[in-house]
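Below, each chain spelled out in residue letters.
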Amino acid sequence: MDQNNYSSLRDFILLGFSDHPKLEIVLSGVVTIFYLITFVGNTAIILVSLLDTHLHTPMYFFLRNLSFLDLCFTNTIIPQMLVNLWGSDKTISFVGCVIQLYVYMWLGSIECLLLAVMSYDRFTAICKPLHYLVIMNPHLCLKMIIMVWGISLTNSVVLCTLTLNLPRCGNNILNHFLCELPAMLKIACVDTKAVEMSVFALGIVFVLMPLFLILISYGYIARAVLRMKSKAGQRKAIDTCGSHLTVVSVFYGTITYMYLQPGNSAPKDQGKFLTLFYTIITPSLNPLIYTLRNKDMKDALKKLMRVDYKSTKINRNWKS
């Protein structure tokens, strides 16, 4: 790390929404509600897809990973954010900020790649149904997940290390509610164009390239669905792909707008609200989208609830 930064290994101040005290009160309630929805919804998806043997397929393997990712994502951000919203202390320790910066970038990169992997899974299931389980075998699925997590970690280490090595000349006030890379770049006291270009270049690799692959996959999927003679088959394909496509649209729409625009072109608080949306709202929407639009997941949830109700009733009768 740059020598100029050794003297400033102190707490960072997260301004967040401190210039809007009334908004902070509202946000603390909203964030808490969405945090609970995210925790309950994604935990339910993980448990249901593990307990129901009918869901032991590649699609639900990747969905479990997405739900686990969303749980990690929110737990990296929300606890510290709620502490800052509830009290007058807006600080985060230097170590805490660095960990949040690396983990946040790591998990964000994973989600970009994971959504592309999930689109390939849907492409294989619909366009090559007879070879689906042979192609998407457990060994390949595991290798793909390990690659996604590994490549994303490398991206995080490179970008975050470059950012932290920039001299800050004692600046420790971040105009954000979390330690995010663009906010860290703004407190550097040197020209950051080289790092910004690196962020933009890797942004193309991790945002636009996966999005391009997703669009290609869904182009082939749309053609395959239109050629199906069975209306039931078409409905099932639309249901399973519709959930994923909705999640892709929400996530990529927000993140593309945020990270692939010139650094100073956005209004002051717009970046905060967009970050709030895709880090707090999106992870809570994912389980709702997948359960409301996915018949298999709804059936598995109902079955699990019936089994739980029956076991509770039997226990009560036995005790009485």
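Remember, it's a predicted structure, so these values are computed and weren't measured experimentally.

**A closer look at the environment of arginine 168**
No. 1: With respect to the helices and strands, the residue arginine 168 is situated in the loop between helix 6 (138–164) and strand 3 (173–174).
No. 2: Sequence separation between arginine 168 and leucine 185 is 17 residues, and the spatial gap between their C-alpha atoms is 9.0 Å.

**Thoughts on the state of the cysteines**
Note on terminology: a disulfide is the covalent bond linking the sulfur atoms of two cysteines.
No. 1: One pass over the full model with this rule turns up 2 disulfides.
No. 2: Here cysteine 97 pairs with cysteine 179 through a disulfide, and the sulfurs are 1.9 Å apart. Here cysteine 97 and cysteine 179 share a disulfide; its torsion about the S-S bond, -120°, makes the bridge left-handed. Placement of the pair is cysteine 97 in helix 4 (residues 94–127) and cysteine 179 in the loop between strand 3 and helix 7 (181–186), with a sequence separation of 82 residues. For the pair cysteine 97 and cysteine 179, a shared accessibility class is recorded, and that class is buried.

**Digging into the side chain of glutamate 24**
No. 1: You can see glutamate 24 is positioned in helix 2 (residues 21–51).
No. 2: The class for glutamate 24 is buried, based on a relative accessible area of 10%.
No. 3: In terms of polar contacts, glutamate 24 uses its side chain to reach the side chain of lysine 90, at 2.8 Å.
No. 4: What glutamate 24 contacts, discounting residues up to four positions off in sequence, is Phe17, Ser18, Asn84, Leu85 and Lys90.

**Concerning the pattern of salt bridges**
No. 1: Counted according to the given criterion, the structure contains 2 salt bridges.
No. 2: Put simply, glutamate 24 and lysine 90 hold a salt bridge, and the shortest N to O gap is 2.8 Å. Here the residue glutamate 24 occupies a position in helix 2, and lysine 90 occupies one in the loop between helix 3 (58–86) and strand 2 (91–92), the gap between them amounting to 66 residues. Of the two residues, glutamate 24 and lysine 90, neither departs from the other in class, the shared state being buried.
No. 3: Between arginine 122 and aspartate 121 there is a salt bridge, with its nearest N and O atoms 3.1 Å apart. Residue arginine 122 shares its accessibility class with aspartate 121, and that shared class is buried.

**Focus: the UniProt feature "transmembrane region" (unreviewed entry) in the protein chain**
No. 1: Look at the UniProt record and you will see "transmembrane region" (unreviewed entry) annotated at residues 25–50, 62–82, 102–120, 140–164, 200–221, 242–260 and 272–292.
No. 2: With 100% helix and 0% strand, residues 25–50 has its two end C-alpha atoms placed 38 Å apart.
No. 3: Helix makes up 100% of residues 140–164 and strand 0%, whereas the separation of the span's terminal C-alpha atoms amounts to 36 Å.

**Concerning the nonpolar core**
No. 1: Core analysis: the largest hydrophobic core is formed by 63 residues, its most contacted members being Phe62, Leu66, Met81, Leu115 and Tyr252.
No. 2: Those elements that place two or more of their residues in this core are helix 2, helix 3, helix 4, helix 6, helix 8 (193–227), helix 9 (231–259), helix 10 (270–293) and helix 11 (295–319).
No. 3: Examining the composition of this core, we find that 13 residues originate from one element, helix 4, more than from any other.

**Considerations on helix 8**
Because each turn of an α-helix spans 3.6 residues, side chains separated by three or four positions in sequence point in the same direction.
No. 1: Helix length check: helix 8, at 35 residues, gives a terminal C-alpha distance of 49 Å against a target of 51 Å (1.5 Å per residue), a fit within 8%.
No. 2: Along helix 8, the largest kink reaches about 30° and is centred on glycine 203.

**Topic: the sheet that holds strand 2**
No. 1: Strand order in the open sheet formed by 3 strands is 2-1-3, and the pairing between neighbours is mixed. The open sheet has two edge strands, strand 2 and strand 3, and neither has a second partner.
No. 2: Note: strand 1 (residues 12–14) against strand 3, 2 bridges, orientation parallel. Bridge assignment links leucine 14 to a residue of strand 3, and that residue is leucine 174.

**Thoughts on helix 3**
No. 1: Over its 29 residues, helix 3 runs 42 Å from end to end, which matches the ideal 42 Å to within 8%, given 1.5 Å per residue.
No. 2: Maximal helix bending in helix 3 amounts to about 30°, located at asparagine 75; proline proline 79 follows within four positions.
No. 3: Judged by how many residues are buried, helix 3 sits mostly within the fold: 21 of 29 residues are covered.

Calculation notes
- Residues numbered from 1 in each chain as written.
- Predicted model: local features only at pLDDT ≥ 70, side-chain atom pairs only at ≥ 80, totals over all residues.
- Heavy atoms only, no water.
- Helix = DSSP H or I, 4+ residues; strand = E, 2+ residues; numbered from the N terminus.
- Disulfide = S-S within 2.5 Å.
- Buried < 20%, exposed > 50% of the residue type's maximum accessible area, 1.4 Å probe, protein only.
- Polar contact = N/O pair within 3.5 Å; in protein donor to acceptor, adjacent residues only side chain to side chain.
- Contact = heavy atoms within 4.5 Å.
- Salt bridge = Lys/Arg side-chain N within 4 Å of Asp/Glu carboxyl O.
- UniProt positions renumbered as here; feature names shortened; annotations may be inferred.
- Core = buried A, V, L, I, M, F, W, Y, C linked by side-chain atoms within 4.5 Å.
- Expected span 1.5 Å × (residues − 1).
- Bend = angle between axes of the 7 residues up to and from the residue.
- Pairing = 2+ DSSP bridges.

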